[in-house]
Amino acid sequence: MAKICLCLTAKTLKRNLEILDKYRKYADVTELRVDCLEPDERLLIRRFPEQAGMPVILTIRRDIDGGQFIGGEGVRINLMARGLAFAETDRRRNFAYLDIEDDLDVPSLEEAARTFGTRIIRSYHNARGTDANLTAKIRSMRHSGDEIVKVSVRANTTRDVLHLLKAGKECTDQEKILIGMGHYGTYSRILAEQFGSMMSYTSAFAETDAPPAAPGQLDVQELSKQYRFRTITKNTKVYGITGNPLKATSSPRFFNTIFELEGTDAVYVPFPADSIVDFMEVANHLSLEGVSVTIPYKESVIPFLNSMTDEVQSIGACNTLILTPQGWKGANTDAQGFSGSLLAFLDRENFKRQRVTVIGAGGAARAVVFELHRLGAKVLILNRTAAKAGQLAAPYKFASGGLDERETSKIEKYRDIIIQTTSVGMEGSGDSPGSADPLAFYNFSGREEVMDLVYTPKMTPLLKRASSAGCNVLNGYDMLIRQAQHQYTCFTGKEFPGHLLTRIQYGEI
Ligand code: ATR
């Protein structure tokens, strides 16, 4: 089973021990980054393994490999020798591992390590990119049979991660640690078992406020608790979410919490991807069972489907992939999530006799309009680019127009419900304060029911204005939870555990 290593990068040994004591229950191994210690402290490392009380990796990382050691090689080798000196027969008092770079050849050091059972981690770092032939690299690195090969390369693209994954599969006969550094490589750290990697390196961010010891490194608690790293085996079902940039997604917390509470042997992982084509190859290699798909791939994923629900066919967007014996099946749970949320809010069964204005004509709007039509509403679609609104409205014979004051009289005929589907008003969308309300030209009567699909912030400028005019308002959070519930059913074939719903809605889990 793959192990969690906690990297210790404090300036003093005392501080490192404090951090280790606080987080030891989440880690199996710890790495003493001697290069991060103050120079005087570096001379006192010999007793650290005994004080640590768990297997320790001795690492003195050079600046060229992403570390902080800038002295000469002689000094570095001397420090390593100092760490191994006066070896004890009780191995727990010695360093368990010594990290030696691929290009460092000091037979006496290796001999000293071997004599007292300190295993050598033969490491290679590429902070800029991923080498073309990783398999050959892994095969060539080991100097003797008992060494562990560590390859840590920067994954600049999803294709880079794919190379790492394939290389791991080709070298199953070898003990190794494989890491894809950077945002795109994050999941190589969670799915170490699937990548054929025996260790995942973490930091204790909450404690140190320091940047990660390497780009993309996860917090030790996050890896251990949220992803339940130690329970992930080759048999664990792997699900996840893909998109780009996929920086802030709450889905992993949602699904992993449910899997844990339900005792399901499954994990849900973020898969940021710069290419849907390459991600689908990753999905096949990792034997993913199901995938949530988000911006910008909801449409471009459709050519990869072997079958799809009527919703996907009509909406032209897919947010859920389910692995079937015949290949990938596409579903769209945004549609049900939307109508379930709005109908519950309005305490209605359908939208018959409701006249509705929809703002926007993108992917989200297509799911909304599909449901409004299915459930009997009369709809006006307004979009910045009026022609797109027209295209979306045409098959349903709905009204359409541009997003400006000339359409005010039309809105007045379709204002039982107003639904905002664009990203305008969303946190981090870069809107200037005055432009964050896409309906600024319209004065609410106070009788409209107003829904905004955005949920960060809870109240967008549009919702605030509507609420002050006396309207009932609803944001997109409940829709998000509902679409995830439907996804859970798509993935597992099980009903979503109803008793957990209120706890999720109140933010308890
Ligand atoms: P999504 O899948 O989130 O709906 P999308 O398919 O890219 O994303 O669609 C984005 C929608 O937001 C479109 O309706 C877009 O209007 P255009 O078709 O005119 O581009 C709308 N949108 C994005 N930024 C906007 C802005 N600043 N003001 C008004 N509408 C905007």
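Residues numbered from 1 in each chain as written. Predicted model: local features only at pLDDT ≥ 70, side-chain atom pairs only at ≥ 80, totals over all residues. Heavy atoms only, no water.

1. Some details on the overall build of the chain
So, point 1. Looking only at helices and strands, the chain has 21 helices and 21 strands in total.
So, point 2. Structurally, the chain occupies a C-alpha span of about 85 × 50 × 40 Å along its principal axes.
So, point 3. In the chain, which comprises 509 residues, the proportion classed as buried is 54%.
So, point 4. For the chain, the share of sequence-separated contacts (at least 6 apart) that also reach a separation of at least 24 residues comes to 67%.
So, point 5. By element, 50% of the accessible surface of the chain is carried by carbon and sulfur atoms, the whole surface being about 21,900 Å².
So, point 6. Where the 62 positive side-chain charges of the chain centre and where its 61 negative ones centre are 3 Å apart. (Helix = DSSP H or I, 4+ residues; strand = E, 2+ residues; numbered from the N terminus. Buried < 20%, exposed > 50% of the residue type's maximum accessible area, 1.4 Å probe, protein only. Contact = heavy atoms within 4.5 Å. Areas by Shrake-Rupley, 256 points an atom, 1.4 Å probe, with all protein chains shown as cover. Lys, Arg positive; Asp, Glu negative; His and termini not counted. Charge placed at Lys NZ, Arg CZ, Asp CG, Glu CD.)

2. Thoughts on unusual backbone geometry
So, point 1. Here the residue pair Ile-295 and Pro-296 is connected by a cis peptide bond, since its omega of 5° sits within 30 degrees of zero.
So, point 2. Relative to the helices and strands, Pro-296 is located in the loop between strand E12 (290–293) and strand E13 (307–308).
So, point 3. With an omega of 0°, the peptide bond running from Thr-456 to Pro-457 counts as cis.
So, point 4. Note on placement: Pro-457 falls in the loop between strand E20 (449–452) and helix H19 (461–468).
So, point 5. Of note, Asp-347 is a non-glycine position whose phi angle comes to about 55°, a positive value.
So, point 6. Within the fold, Asp-347 resides in the loop between helix H15 (333–346) and strand E16 (355–359).

3. Description of the pairing of strand E17 (residues 378–383)
So, point 1. Along E17, five of the six residues are buried, which leaves the element largely enclosed by surrounding structure.
So, point 2. Pairing analysis gives five bridges linking E16 to E17, with the strands arranged parallel. Counted as the bridge partner of Ile-359 is Leu-382 from E17.
So, point 3. With helix H16 (residues 363–374) bridging E16 and its parallel neighbour E17, the resulting β-α-β unit is right-handed.
So, point 4. Taken together, the four bridges between E17 and strand E18 (residues 399–402) define a ladder with parallel strand orientation. Each bridged residue has a counterpart across the sheet, and for Leu-380 the counterpart in E18 is Ala-399.
So, point 5. Between the parallel pair E17 and E18, the chain is carried across by helix H17 (residues 386–393), and the sense of this crossover is right-handed. (Pairing = 2+ DSSP bridges. Right-handed = clockwise from strand over helix to strand, strands pointing away.)

4. Considering the site of the ligand
So, point 1. Around the ligand sit Ile-295, Gly-360, Ala-361, Gly-362, Gly-363, Ala-364, Asn-383, Arg-384, Thr-385, Lys-388, Thr-422 and Val-424, and those are all the residues in its vicinity.
So, point 2. Within the contact set of the ligand, an oxygen atom lies 2.7 Å away from a side-chain nitrogen or oxygen of Asn-383.
So, point 3. Contact between the ligand and Thr-385: an oxygen atom at 2.4 Å from a side-chain N or O atom of the residue.
So, point 4. Contact with the protein chains hides 69% of the accessible area of the ligand, taken as 650 Å² for the molecule alone.
So, point 5. Among the residues forming the shell around the ligand, the class breakdown is four nonpolar, six polar and two charged. (Near = heavy atom within 4 Å. Polar contact = N/O pair within 3.5 Å; in protein donor to acceptor, adjacent residues only side chain to side chain. Nonpolar A, V, L, I, M, F, W, Y, C, P; charged D, E, K, R; others polar.)

5. Regarding the sheet that holds strand E3 (residues 56–59)
So, point 1. Read from one edge to the other, the open sheet built from nine strands follows the order E7-E6-E5-E4-E3-E2-E1-E8-E9, with strand pairing classed as parallel. The sheet is open, and its two edges are formed by strand E7 (176–181) and strand E9 (218–219), each paired on a single side.
So, point 2. As paired strands, strand E8 (residues 199–203) and E9 are joined by two bridges and run parallel to one another. Pairing of Ser-203 across the sheet is with Asp-219, part of E9.
So, point 3. Sheet strands touched by helix H4 (residues 73–84): E3 and strand E4 (97–101). Its angle to E4, the strand with the most contacts, is close to 165°.
So, point 4. Relative to strand E6 (residues 148–154), helix H6 (residues 134–141) is tilted by about 145°, and along the sheet it contacts strand E5 (119–126), E6 and E7. (Axes fitted to C-alpha atoms, helices over the stretch in contact; angles between N-to-C directions.)

6. Structural notes on the sheet that holds E16
To summarise the sheet geometry, strands pair through backbone hydrogen bonds and adopt either a parallel or an antiparallel arrangement.
So, point 1. Taken in spatial order, the six strands line up as E18-E17-E16-E19-E20-E21 in an open sheet, and their pairing is parallel. Here the strands that pair on one side only, and so sit at the sheet edges, are E18 and strand E21 (472–474). Each strand axis lies, on average, 15° off the axis of its neighbour in the sheet, ignoring direction.

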